[in-house]
Structures are given as structure tokens and as C-alpha cells.
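Structure assessment
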Amino acid sequence: MTLLIFLRRKLSLTGTKLGCAEGGCGACTVMVSRFNPHHNQIIHHAVNACLAPLCSLHHCAVTTVEGIGSVASKLHPVQERIAKAHGSQCGFCTPGIVMSMYALLRNSPQPSMQDMEEAFQGNLCRCTGYRPILEGYKTFAKEGGCCRSRRKGNGCCLTTSTHSGQQLFDPSEFMPLDPTQEIIFPPELISLGKQPPRSLRFIGERVLWIQPSSLNELLELKAVYPAAKLVVGNTEVGIEMKFKNLLYPVILAPAYIQELSSIQYTENGIEFGASVTLTMLGKKLHEEVNKLPNYRTEVFQAILEQLRWFAGQQIRNVAAIGGNIMTASPISDLNPVFMAAGCKLTLTSKEGKRALQMDDKFFSGYRKTALKPEEILLSIEIPYTKKGQYFSAFKQSTRKEDDIATITCGMNVVFQQGSNIVKDIKLSYGGIAPTTVLATATCNRLIGRWGEELMEDACSSLAEEMTLSPSAPGGMVTYRRTLAISLFFKFYLTVQHKLHLSVEDVKPNYASAIELFHVDSPTSVQLYQAVPPGQSTDDMVGRPIMHLSALKQATGEAVYCDDIPQYENGLYLALVTSTKAHAYIKSIETDDAMAVPGVVTFVSAKDLPGSNKTGPAVCDETVFADNKVTCVGHIVGAIVADTQAHAQTAAKAVKISYEEIQPVIITIQDAITNQSFYQPVRTIEKGDLAKGFHESDNILEGEIHIGGQDHFYLETNCTLAVPQGEDGEMELFVSTQSASKTQALVAKALGVPASHIVCRVKRMGGGFGGKESRSTILSTVVAVAAHKVKRPVRCMLDRDEDMLVSGGRHPFFGRYKVGFKKNGKVMALDVTYYSNVGNSMDLSLSIMERALFHMDNCYNIPHIRGTGYMCKTNLPSNTAFRGFGGPQGMMVSESWISDVALCCGVPAEQVREINLYKQGEYTPFNQCLDQFTIDRCWKECVNISDFHQRKARVELQHRWTKRGLSIVPTKFGISFTAIFLNQAGALVHLYTDGSVLLTHGGTEMGQGLHTKMIQVASKTLGIPTSKIHISETSTNTVPNTSPTAASASSDLNGMAVYNACQTLLQRLDPYKARNPKGSWEDWVIHCSSIDSDFRTPDLGYDFETNSGHPFNYFSYGVAVSEVEIDCLTGSHKNLHTSIVMDVGKSLNPALDIGQVEGAFMQGVGLFTLEELRYSPQGYLYTRGPGMYKIPAFGDIPTELKVSLLRDAPNEKAIFSSKAVGEPPLFLAASVFYAIKDAITAARAESGLSGPFRLDSPATPERIRNACEDKFTKLVWTYTPWDVRV
Ligand SMILES: Cc1cc2nc3c(=O)[nH]c(=O)nc-3n(C[C@H](O)[C@H](O)[C@H](O)COP(=O)(O)OP(=O)(O)OC[C@H]3O[C@@H](n4cnc5c(N)ncnc54)[C@H](O)[C@@H]3O)c2cc1C
Ligand code: FES
Ligand code: FES
């Protein structure tokens, strides 16, 4: 059992969250403290509770978020500051981030910014964009920290708001940190720790865990149980048992054995016990590097560089050196360094010790070593280096922070004394073969030589030696081979530079290639308009008030669906899903599953009392697959058991046999070949295309593929269904954006009227569209199970299941033909979109329509035609995702803009500017652009970003690092394009004590909707926000609600709340008139409940006639981004972003800026990082944070400026505001096109010019492959391991 399960299920301490169960998100972070009797010291570490075995915590103190403070008692400053700095939106990541910060402060009460950045490497947040978290916590930092409002007369240094004279938060309000007030380490654990170690045995249902007290006992045990695993950090074994379905019946835990944890100096270096953690290793090596001359510590420095990018802090705190070596992973970050350095390993068994050199014979096969079964690794000696010896290590990964390596290597060269003649050289690579390898043939050819010629020779030799099979797991074959060569080139330049006293130094414009990847600490500016002077202090509209749940989120008191206490007779559900993409189900065998202890039943299509047909818009799918599966991950059935572990074990034991069906259609290209499309094919056309092309000076054609995206809400889908015992009534607690849709579809499946089902939503840990329709399937499955067993049933999907079954953003493929004048003015555009819809329609038609409505982005094209095909494939159904097709539609337009600019030789910003719409012009769907603000946004953005000076600087280029700059506008239509959804309701209860309970149709997923609605109600009623409460969203208070989506929820629900409050005020008028001096409490006695609804007027669009209004209004924005790419590795840094966003008259600038930054960072993920990878058979490889990389703290732009456009009231929405949830996402395309700009410069060095295709996301692989040069030419292309869907 893991610590996390114990905390949540046994102790009901639900503040610690489950986000991934694989150590990749940090939501489960707690602080573990232990007493080290050998150093007489208490050690505090942030640890991932999801991987920490409970048995490993003997004599440890565990501090959870509940232990450091609460709203009910007293907050801890760490909790207060993240909340008040607006660093908590949905709040699901917040307790983990709080605990990472808390553990850091326990070790270092005044940390540096670098300490902080390291502490957060293992924490992810999907909502905030990280900036506000860092801003809040900067106030603890010693340097670069905050003035705490002590700056002379200018407010706080962190929040610049020159227009407003106000701040987003006020650090002077913060409680000071007083380290003397922290909870102490329990003294009894110190006494226990001083006692001689005892051996311990824990006997579980499937595993025997033994903690031996001495090395001898360990060796005896290993002789008795040679197959036993030694577990220290459990960061490998834990993953194997959870995700690879491996079972190790005996586990030996050697963490407390002195010999395995010791660090000793030897003649040649330092010997580290195998159980020394990576944090300890790093600490020791740092000390040595600071103490010894540089030439002695070349290997140490290289290890420190690898550790900088090795997992997150929580993993490094527990993971051991021995675990890394013995796992023998081909992408281990340390093994190539150890191998190239020739480290000495000491092995031991009952028979005695032996020493081995870490060379290419040590790893005997994939995850195999030269150790005998009864042997263990005792220690590793890491050598000092000598004069004339140079060592480097490199790790390249998709995301710099906390990511597994694509290629990782250690490189060691020794020169003959006083010369530049190579005496010995070792190049060791991970990521090229099933084991860590030495490039022996290349090394042999290099002995006795050095210089430019050697480098060229080495590169050709590496190209021959470092080959990979076409189907090599991990894919990226061309890239990996190019990297092997490029990294050697970096090493060559680095050594050349170090040798420069004796030989020629590297050319100045090559120097950047030897710099280590480093990102400066971020800085930021937020600009917004203050409320007008004289606005009543009770009127909270327009003020940056904190998300009203933020404090509870920071203390772990906020309740999410899976935090609801377990019912005494409650059961757990685990899904059984298809492993085939397209097949008939021949049989389902459940005997083995039913034999697992605690299993109650198997649920399948046979158990539905109502209809198995379901679907949010079209009923074209089933709750459970019925005789046929149409994707991997199709839900076939579910197991219900007494615990989640039993349910999951049993679900894995269900055997399904299939008969495969052809064709299996996975990619858009497959669908085009097979003409597999859903109907209708939509078209929007305006003008005369033939005329437009005829009037053009140039015509070009191009293509772009835009990859899909997983929602990666930190809280996965979750439902608790509670049968009420009479009339088929059922109460559902769900993490969903669509309470009413859930109610309707569950009622349909159960065969009862909707009135018998209540769906309740307290809050979600993020939604982003992923819980708009797909969540209904899980809820229906759970409800059917609860109905069958007549007991409460719950299911919170594991991250890998969630990613597998729930679909994501649609991948798009755009093909275009564009006609333009010599100056870049576009005359005609014919564009075709293909979206990868998956195995059911879901919301795909509306998504394709929105893509078409955004095919023009902000550009006036006189003659235009857009056509949209929805590809029917054997993938899980794709669905809504922030932007809803709009970003894909606009991304294609920016692709042809970029091509036109490259073709005309005109700067892209100039082409964008001359094509921009003007006020009063009409879109391709004939909607007039009134209140058009893009020109104002553009000018302000150029101004605040110093665009022109930046441009001049960008043009000063190095050979191997290139900078790129881009400015991108966006226009986003606001309204549901399904017209009937543009309505909302609200219900206001008044209680006789004057308190107000507000309910509306929207759900809270972190966007601050409830906070804004309380602001609206407070202003309308003229009472303080403290009198108004929102408890939840439920179908029995406000019925028939629309999903909380399309960015329209503040507009729609805000108007409904406003109308309800107005009606209430009218009813109160006579009582006020009768008692004008009375208080609110006096008046409300006469009135109790008011409900109201609202419908957006004048909406409706007809595709046949291209007439009517699909949108109520548009939101506008512009962004400028600057990046730097490393042409040799494909890595990039986000150096600067300025955003100007028109949000009308902001209801709450803090929440709106939070939405802008959060959406922008999600867009950065979409366009530069996040890549869903499928096998050609439709199997999703990327099923967790280990393989699927969303942006982390280190990805935010070093400089980020966000400005809300001033004086831009919007007469079409509540209190002149505008929708903000989705529109800013597309602005991240500015980063993509800045990268493309930088690649253009790199290609120019190789004599390449003109348009080139760059697909999204611009991952390091794509960037490197696009920067064609002499190294890429040495490598040829293979058929890939994965396919682009
Ligand atoms: C989120 C996450 C991120 C990660 N990031 C990285 C990364 O960036 N780079 C990287 O290289 N790895 C990474 N890893 C892998 C892993 O953390 C490391 O391999 C780690 O060093 C394993 O140490 P451990 O103590 O946790 O191993 P455990 O899981 O405890 O053990 C691993 C294996 O080593 C064996 N073993 C341990 N000690 C001995 C011994 N003394 N003698 C014989 N066998 C022994 C065990 O039997 C077991 O087979 C990551 C893992 C996770 C979960
Ligand atoms: S839940 Fe533990 S790291 Fe994600
Ligand atoms: S606030 Fe961080 S994940 Fe939602």
C-alpha cells in the first residue's frame, strides 16, 4: 500500500491528491522527516506519496497539507501566499505545490530563486500558467525576492500596474514566516532512531516486505530469495508494479543499512553506497566541486549537470544511485556518465565481494546486468579527473524539466600529457540501443588525433555506428541519430574551448553551442485598468479579488469528488477496456476476475435497464461496447469490488477474445484514403475564388498538421453514484462541466425519467472541455453498476485510463491554396480542414464549424472558401477542448501567412498587418466586426514588447543558436454555435439571517466562475460578497443547464444572476420604501427565493445561405513572442511574451489575467510540447506525465507581460465584460511562429530559403530536423515507430 492510499482511504486525509500515481505531477507531495542517527540530524524531504510504500516509513514523521494550517484554525504563510497571489485556480495541484514549498522552507527559510525553481521541478499545474505561484512565493526568496511593499511609494516590486496604481495582490498583508513556530519532529522518533536497527517484516495480501537490520542479514535473505527486489526509492519498482502489471512477491528494503548509505573518500575518487539518494549524491558532489580545482571534478560536474534535469526534487529525494544503475534502463541518465568515466562497482553476496569496471559488458541485455541473482550492488566509486582529461554529459528530452531522455550521453577524452593528441576517449550513449552503449569503433578511430578533421571523421563514424532499427521503441529515429552526432559536436567544441590555451579557440559565432542550457528566473508585468475613482468599496466588480475557494484549496479543505467520505457499504469500480482498435468481441471470460478477493460483480451491456445508446449530441455510441469495439480503450465492461486495488486487479484478469475487422483507420491520411468521413461536410464560401486567384501575383499551396492534445486536468474523471432506494432515484456526485447532460444520459441508461436523477457538482480539478461530454460515459457506467448492486459505487480513473478512454483535442490537417499580391496582400484562399474525430461524433460537428468560423483569423480575404471533413477513425472519440476547433482553424491561417511572407521575402508581421481586418468589415460568414479592437491591441502589443528593438537584436545571430520573433493576433467568436445552448438559469435563496445562497447553471472548474457570479450578485443587490454563498451546481436547483463551456458561462449565468437579483430587488422595493432606514436583514424577511433565466438574443446562422449571426461578439488579442533555439539539439527557450487582451471591462482582473496566462501556457503546450503518440494499431503510448509533457514551471517565458486593454467596454455582456476562458489560448501560436522564424534563420546558414512545412507541436525533434545542416545529411530517414494521427 502506498502512503497516498493510506492517507486518503484509511485516515481520510484527503488534502493530498492523486494526479498520476507515477511520481510525475506532484499533486501527492507530502513532507517526510526522519532522524539520521549516524549524522545525528533530522532530514526533511518533499516526497511523492503515490510512490512511497507505507512500509518504508517506519520511524518517519509525515506532514501533510492538513498538518501545517487550515482556514478553520490558522493558515500557514505558504498556504496564504499562494492563494492571495492568485496561484490557485482549480486548486487540485495546490496542496502538492504548498508542500513542496513548505519542505523547501523547512530546510532553507530564505531560499534562492534557483532553490525554488528546483523545488518545483516535480510539480505540475494545468490552470495557472505558474507565474502567479512563483510571484507569491518569490516573497520568501532572499535575492530577487519581493520588497513586501517597502519600495518607496511605488507599491510592491512584483505587481506593476502602472495604469491602475493598484496591485493584483498586496504582499504587505502576508503573515510573516516564523520558522520557530513550525511543528517539531516527534522526540520519540529520535529515541527510537537511536536504538539499534531491528529487522521488520510486513506481510501483505500479495507481497512480503522485509527490512533487514544488517548487511549480513540482507545477503542471507538475498541468498534465500534470489528473485527478491531491493527497494530503496521505489521509483522504478513502484512503476513496474502499478503500470507494467509486474508482481514481486518478496521485497527487501535496505535503506537503513549503513554500508549501503555511506560516502567514503578513496585514492581515486569518492565511493557512494548504492542506497545513497540522488539528492545526497548531488549535495556531496557540489561540495567537492566548490572545494577542488576544476580539472579534478570534470566527472562530478557532468553528473551535477545530469542531476539538474533528472526527474523532480521529490523523486531525487528518495531515488538511489543503485536503483538507477540496477534498473539498467537504456535511457538512464547516470549510466552513460558512469560508463564513460569508467566507474568501479563493488558487488557483494554471501560468498564475498567482487569489483567490476562499469564498461560495455556490464549491461548484458535490455534491463539486465552482470550481477548474479544472489548478488547486490554495494557501492560505486566515481573517479576524480586529471589534468588533460575533459568530460561532458548531455541529456536531451522533449521538456527540459522532469522528462525522460531522448538521448543521454557521457563523453570522456584524455590527452597525452601537454599535447592535443588523444590518448583515450570514451563516448557512451543512452537512448540508442536496448542498453547503454559505448561507441567503441568510433573511439578507436579517434585515438592519436584531434582537430577539425577528427571531428568530421567522428561524425561520419558515429552515423555508421549509432544506428537504430525503424521500429525502435520511442520512435524519433532520425532525430536520435542526428542528436548522437550533434552532441558529439558540442563536446568537441567544449573541449576545444577548454584547450584553447594550446590550440585554436572556437569561432566566436560558434561559442553559443557550448553554453549549457540555462533559463533565467522569470519576471513579469501585469497591466489592468483600475475601477473608477468613487466606486463604492462594497462594489467588488472590477476588483482583483481572490478566487473565493483559494484558501480552502491551499489547505486541502476544498472537497473534490473523490474526497467525499466513503459510504460504509460503498464499492469501487474499475473499467475493462478493449485492446483492439476494430474487432468483434467473440467472448468475455470473467472467472479469474471474479475469483479476486472482494469482487462483487462484472457489469456489461447486459446490465442496462434502459438504453445502451448514448452520446451528447448524436446518439451514435454505446455505454458499453456491444459485440464490437471500435477503438483501443473502448469500454467493454467494469468490475465492482470492495477496494479500488481489488477492482483494478480483477479488471486486468478479465479476458476478452476478439476477431479483428479491417480496415483499421487510425490517421487522418488513413481516413482520406478510405473516404471515411462523418456527414455533413461543411463549407463556408464568400466572394469569387477564380477571380481572386486570377488577380493574384503568386499562388502557393501548403499543408500543416496540428497534433491533438490531452486535457490533462489534474483531477481525472470521477463519479460517485448513490442509489436512493426508491422509485429508481439516484444521486450522482460528478466531476463534470455538464450536470444536466449527465442527468439526462444516466436517466436514459437506467430507463427512468430525468426527474429521478440528481447530479451534483461541487467543483472540478480542471475541465478544459474534457468534462463537457466525455465524462458522461463514466458517470453512466458507474450509475449502471450502482443500480445493479444497489449500493454506492465510485470510480476515479487512474491517469493512464483517463488518457486512454476520454479523447482529447482533435488533431487537424489543413491543406491550402493561397493567392496573393507581391506585397503579401492575400486575395484568395481555398482551405480544406480534416479533423480526426475518432469512433463517435460527440461534439465534432460544432468543433469543425468553429474551425471554419475561424479560418480567417483576423485577416480580410476577399475571396475565400473553407471546407471541413470530419474523419471517422478507430480512435477514442475526440471532444471539446479550450478553443473548440478555433485554435486549429487559426493555426492553419498563420501557416499560410508565414508561407506568403517567406515567398514574398517580406517580414511576416508586415504581411499580417496589411491583411488585418478594419472596423466595420465583414467576416466570411457575413458578420460585421463592430467594436473592433484588434488594431488597438496590435499597437499596444508592439509597444509594450519593444517589438522593433527586439527585432533588431534578433537579427544578430550565432551559428548554432538562433533567435526568432513573431507577433500573432486572434479573434474569437463568443457564443455556443449550437444556438439552443446560449441560455442559463439562476436561483437565489434569501435566508432570514440575511445570508444569500446563490445557485446558477455554471460549474466551477478553477476559472473563478462562482467568484465572478458572487461579484455580480453583490453589485446588483448592493450587499457585501461575504453575505453570498455558492455551495454547488445541481440539477435539482437549476435544471436544463448548458455545459459550462464556450467561454460563455460568465456572460450567460452572469445575466441570469443579474436578472434574478433585479427581480428580487423589485420585490423588496415596497419593504424598503416602508422601512427606508432598515437593514438588508430587515427587508429580506419578506422574500425567500427567486429564479430567473437568460437567453442570448439575435443568434442564429444558416450554412446554406451564409447568413445570420453565429456569435454574440468577438474577443480580441495580440501576442509577441521571442524564442531562442539550439539548432544542434532542437531545444528552445521562451525568452519573452507580451500579450494584450481585450476582455471588455474586466469583472475581476486577477481572474481574467489568470485565464489569459493559463490559456496561453496551455497553448504553449499544444503548439510546442504536447504530443500524443499512437502505434500504427491505434494504441496510445503517451498515457501519463512520464511520456506526455505538459508545460512545467521552467517553460514560462523568462519575461511575461500581460495587459488587459483599457477603455474597451463590451455592451453585449454582463457589466460590459467579455469572455476570456478560451480566446487567449491561440496567442501561444506566437511562440510557434517565433520558433519557425528562428528555424528560417538556421536554414539560411545552410543556404535554404522559402516556405517550408513545420507541423505542430514544434517539438525539439521537429525543430532539429527542420534545421537542416551537415549533420542531418549524415542520417537517413526511416519508417517511423509511431504514426501521426
Ligand atoms: C517520475 C520519475 C522520473 C524519473 N526521471 C528519471 C530521469 O530523469 N532519469 C533517469 O535516469 N531515471 C529517472 N527515473 C527512474 C528512477 O527514478 C531512477 O532509476 C532511480 O534512480 C531508481 O532508484 P530507486 O531507489 O527509486 O529504485 P527502486 O525502484 O527502489 O529499485 C530499482 C531497481 O534497482 C534494484 N536495486 C536497487 N538497489 C540495489 C542494490 N543495491 N543492488 C542490487 N539491485 C538494486 C531494485 O531491485 C530494482 O530492480 C524516474 C522515475 C520516475 C518515477
Ligand atoms: S500523484 Fe503522485 S506525483 Fe502525481
Ligand atoms: S490550479 Fe493548478 S492544476 Fe488547477
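For clarity, every value in this text was computed on a predicted model and none was experimentally measured.

Spatial strand order, β28-β36-β35-β34-β29: 5 strands in an open sheet with mixed pairing. Each end of this open sheet is capped by a strand with a single partner; those strands are β28 (677-686) and β29 (698-706). The average angle at which neighbouring strand axes cross in this sheet is 10 degrees, direction not considered. Note that strand β35 (residues 826-838) and strand β36 (residues 863-872) share 10 bridges and pair parallel. Bridging from a neighbouring strand, Leu-829 pairs with Ile-864 of β36. Running over the sheet, helix α28 (residues 886-904) touches β29, β34 (812-820) and β35 and is turned about 40 degrees from β34.

The next subject is the side chain of Lys-771. Topologically, Lys-771 is positioned in the loop between β32 (757-761) and α25 (775-789). Residue class for Lys-771 comes out buried when judged on its relative accessible area of 0%. In terms of polar contacts, Lys-771 uses its side chain to reach the backbone carbonyl oxygen of Glu-715, at 2.7 Å. A distance of 2.8 Å separates a polar atom in the side chain of Lys-771 from the backbone oxygen of Gly-766. Apart from the residues within four sequence positions on either side, Lys-771 is in contact with Tyr-713, Glu-715, Thr-716, Asn-717, Ser-735, Thr-736, Gln-737, Ser-738, Met-764, Gly-765 and Gly-766.

For the rest of this paragraph, the subject is the site of ligand 1. Every one of the 31 residues lining ligand 1 counts as a neighbour, but Leu-230, Val-232, Gly-233, Thr-235 and Asp-333 are closest to it. Here an oxygen atom of ligand 1 and a backbone polar atom of Asn-234 are 3.0 Å apart. Ala-320 is positioned such that a nitrogen or oxygen atom in its backbone is 2.9 Å from an oxygen atom of ligand 1. Protein contacts shield 92% of the accessible area of ligand 1, which totals 990 Å² for the unbound molecule. Elements with a minimum of two residues in the shell around ligand 1: β6 (229-230), α9 (237-243), α14 (321-327) and β14 (376-383). When residues in the shell around ligand 1 are grouped by element, the largest group, 4 residues, is from α14. Residue composition of the shell around ligand 1, grouped by class: 16 nonpolar, 8 polar and 7 charged.

The next subject is the state of the cysteines. Following the criterion strictly, the structure yields 0 disulfides and no others. Summary of cysteine pairing: Cys-904 is not part of a disulfide, and the nearest cysteine sulfur, belonging to Cys-903, is at 5.5 Å.

Moving on, we come to the environment of Asn-1040. Along the chain, Asn-1040 turns up in the loop between β41 (1033-1034) and α33 (1049-1074). Accessibility expressed as a relative area gives 57% for Asn-1040, which makes it exposed. In this structure, the C-alpha to C-alpha distance between Asn-1040 and Gly-985, residues 55 residues apart in sequence, is 8.5 Å. If we skip the residues at most four places from it in the chain, Asn-1040 touches Ser-740 and Gln-983.

Rules behind the numbers
- Each chain has its residues counted from 1, following the order in which its sequence is written.
- Here chains are named by letter from A upward and ligands by number from 1 upward, in the order in which they appear as written.
- The predicted origin of the model limits local features to residues at a pLDDT of at least 70 and limits the giving and counting of side-chain atom pairs to 80 or more, whereas totals for whole chains, interfaces and linings rest on all residues.
- As a convention, hydrogens and water are excluded, and side-chain values are obtained from all of the structure's heavy atoms.
- Being paired, for any two strands, means DSSP has found at least two bridges between them.
- Here a helix means four or more residues in a row that DSSP labels H or I, a strand means two or more in a row labelled E, and each is numbered from the N terminus.
- A fitted line through C-alpha atoms represents every axis, and for helices the fit uses only the stretch in contact; the resulting angles, taken between N-to-C directions, go from 0 to 180 degrees.
- Two residues qualify as a contact provided that any one of their heavy atoms is within 4.5 Å of a heavy atom in the partner residue.
- Only protein chains enter the calculation, and the probe is 1.4 Å; a residue is then buried if its accessible area is under 20% of its type maximum, exposed if over 50%, and partly exposed in between.
- As used in this structure description, the phrase polar contact means that two N or O atoms lie within 3.5 Å; if the pair is within protein, one of them must be able to donate a hydrogen and the other to accept it, and residues adjacent in sequence are counted only when both atoms belong to side chains.
- The rule for a residue being near a molecule or strand is that one of its heavy atoms must lie within 4 Å of it.
- Accessible surface area values rest on a Shrake-Rupley calculation with a 1.4 Å probe, where residue burial reflects the displayed protein chains alone.
- Residues are grouped as follows: nonpolar covers Ala, Val, Leu, Ile, Met, Phe, Trp, Tyr, Cys and Pro; charged covers Asp, Glu, Lys and Arg; every other residue, Gly included, is treated as polar.
- Any two cysteine sulfur atoms within 2.5 Å of one another count as a disulfide.

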